[in-house]
Amino acid sequence: MPDLVLRSVRQPGDTTLSDLHITDGVITQIVPTTTTDAPTLDGRTVIPGLWDEHVHLTQWALAGARFDLSTAVSAREALELVRAQVGTRGRRAAQVDASGRPTPLIGVRFRDAVWADLPTLRGLDDVTQGHPTALISHDLHCVWINSAAAEQFGVHVDESGLLREQAAFDLTIALGQLPDVEVDALAAQAGSRAAARGVVGIVDFEMTWNRSVWQRRIAGGFDALRVEAGIYLADFDRAVAERMHTDDRIADTRGLLSVGPLKLLIDGSLNTRTAFCVDEYPVGGRGVLAVSEDELTEILVAARGAGLLPAVHAIGDAANTVALNAFERAALHGRAAHEVPASQAAAPADRRGRERQASVRGRIEHAQFLQPADFARFASFGVIASVQPEHALDDRDAVELNWSAGADRVFALRSLLNAGATLAFGSDAPVAPLDPFTAMSAATSRARSDGREPWRPDQVVSRAEALAASARARTRLQVGDVADIAILDGDPLTVSDATFERMPVAATLLAGRATHGAALLAP
């Protein structure tokens, strides 16, 4: 007998009802619905469980406890929001950490790329009354701090008050150094919120030794999501020494934790104007190339030889060309450089992941701005475009200000698909919400319900294409699939744009176990 039967459900586009039988966490039958007195799901739509392919889970969890600066349209407005927070905090009892130091005031999601005025150290000092304050930009590549925070964390800052790139990353990590029990509780809440949006798995690119973090969380009871824990280049030697290979499952984690890709950052971001571009920014400079093409080629060869799938962060058009050049050159080292060594043969449970890895040479994370000749190179070299569609709507004004000459080549999802590329959708949370329907809606409409016209609507993708990009190339459930399933209150192929953006998710299953909406599935 099956452990669970989902009765009277539809798959996307279907007009007839089916029953899905699940045994030991796997779909064993999909058969036409028959008349029964057993409870049914009343024609709800079932889809493959959704993945967010690019998340910073700890930062996403922490962001909910920080104050939001996204409404500020100028540095002056941002400072007024900070002033209000300082006033509110001043009326409360003083907050200190375990060392007796003042707890920093932390804001998030400012967008100085579209401000006419500039952040300054003096301006932030004036409104913060000596209380340590750090404001993290929406793209995570920049932090605006005051003198008190600079002194407390031992960093040097110039008259702008801005830290960029690695200095910003280091401070952001330091700001998140709370007791594990506090951060893990926030992570558990974030996982439950993701499951409530049909998410069954994430690729977590938090900047830390991620495996240990997730082993601890899962041992402590986290069970809302599957997690592929990314590795950063600084930990490459450690990962190799510990024989970690992308898609390997980590023992004693209930099948929830696997080794993710090797993350490599070769340029910056649009908001911070450090993405490496062919043309200069209006403020000057072409951005930053952190890794040369020769160095990147060597890393790609070494990564693939070690069984780690490379995921290259590239945002600017010049950076994406460098990344694709390196993938092409790495391919010339021969097929053996990209195969998993025989000594690393997959166990049966990992075989599907190995097959996915074998067909792909790597990923480019973001791929926001591309030169015309580069679209077709993704398919040619077996490189997935791991993209975040909601960024197109977040960044449209910044693009028009900074990349106007090539704005038709920015977030060009339709062009990528037409050129044969494989898309993988994510959020880059906390840069955008960890909600795949928000991402899919942005990709299929290029608009929000804010009255603005769709932005470059020639680059929309279809609902089916968006679903495939959010569910690892699947749009339908099949017999033999692990029962990672989202149950929706409407058909994602036919509901209105407004409903699609906020799609009601009735329940989510992970290997047949409810991670959201358990009451709906009760006998």
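Residues numbered from 1 in each chain as written. Predicted model: local features only at pLDDT ≥ 70, side-chain atom pairs only at ≥ 80, totals over all residues. Heavy atoms only, no water.

(A) Inspection of the side chain of R66 at higher detail. With respect to the secondary-structure elements, R66 resides in the loop between α1 (57-63) and β6 (67-68). If sequence neighbours within four positions are ignored, R66 has contacts with Q59, I106, V108, I136, L175 and G176. (Helix = DSSP H or I, 4+ residues; strand = E, 2+ residues; numbered from the N terminus. Contact = heavy atoms within 4.5 Å.)

(B) Here's a closer look at the sheet that holds β6. Spatially, the 5 strands line up as an open sheet ordered β6-β7-β8-β9-β10, and their pairing is mixed. Each of the sheet's edge strands pairs with one partner strand only, and the pair in question is β6 and β10 (162-164). In the packing of helix α3 (residues 121-128) onto the sheet, the strands contacted are β8 (133-137) and β9 (142-145), and the crossing angle to β9 comes to about 55°. Docked against the sheet, helix α5 (residues 166-175) engages β7 (105-110), β8, β9 and β10, running at close to 105° with respect to β10. (Pairing = 2+ DSSP bridges. Axes fitted to C-alpha atoms, helices over the stretch in contact; angles between N-to-C directions.)

(C) The arrangement of the nonpolar core in detail. Residues L57, I266, L296, I364, F378, F425 and F437 are the most contacted members of the largest nonpolar core, which totals 83 residues. A per-element tally of this core places helix α10 (residues 317-331) first, with 8 residues. Excluding its chain neighbours within four sequence positions, the residues that come into contact with L296 are L264, I266, V291, V312, V322, A323 and A326. In this structure, A78, W115, L124 and L135 belong to the second largest nonpolar core, which totals 17 residues. (Core = buried A, V, L, I, M, F, W, Y, C linked by side-chain atoms within 4.5 Å. Buried < 20%, exposed > 50% of the residue type's maximum accessible area, 1.4 Å probe, protein only.)

(D) Main features of the environment of G406. Looking at the element boundaries, G406 is found in the loop between α14 (396-402) and α15 (413-418). In the structure, G406 is positioned 127 residues away from D279 in sequence and 9.4 Å away in space, judged by C-alpha atoms.

(E) Quick peek at the pattern of salt bridges. Under the definition given, this model contains 31 salt bridges. Note that R273 is salt-bridged to D112, the shortest N-O span being 2.9 Å. Taken together, the residues R273 in the loop between β13 (257-265) and α9 (293-305) and D112 in the loop between β7 and α3 connect sequence positions 161 residues apart. By relative accessible area, R273 is classed as buried at 18%. The buried category is assigned to D112, whose relative accessible area is 7%. Through salt bridges with shared partners, a single network forms among E53, E228, R363, E365 and R472. (Salt bridge = Lys/Arg side-chain N within 4 Å of Asp/Glu carboxyl O.)

(F) How the structure looks around unusual backbone geometry. Here the residue pair A429 and P430 is connected by a cis peptide bond, since its omega of 15° sits within 30 degrees of zero. Turning to its location among the elements, P430 is positioned in the loop between β17 (423-425) and α16 (436-445). A positive phi angle is found at Q129, which is not glycine, with a value near 55°. On the secondary structure map, Q129 appears in the loop between α3 and β8. By relative accessible area, Q129 is classed as exposed at 67%.

(G) A look at the sheet that holds strand β3 (residues 26-32). Sheet architecture is open: 3 strands sit in the order β1-β2-β3, paired in antiparallel fashion. Edge positions in the sheet fall to β1 (4-9) and β3, since each has one partner strand and no second. Averaged over all pairs of adjacent strands, the angle between their axes in this sheet comes to 20°, without regard to strand direction. Taken together, the 6 bridges between strand β2 (residues 18-23) and β3 define a ladder with antiparallel strand orientation. Each bridged residue has a counterpart across the sheet, and for D19 the counterpart in β3 is V31.

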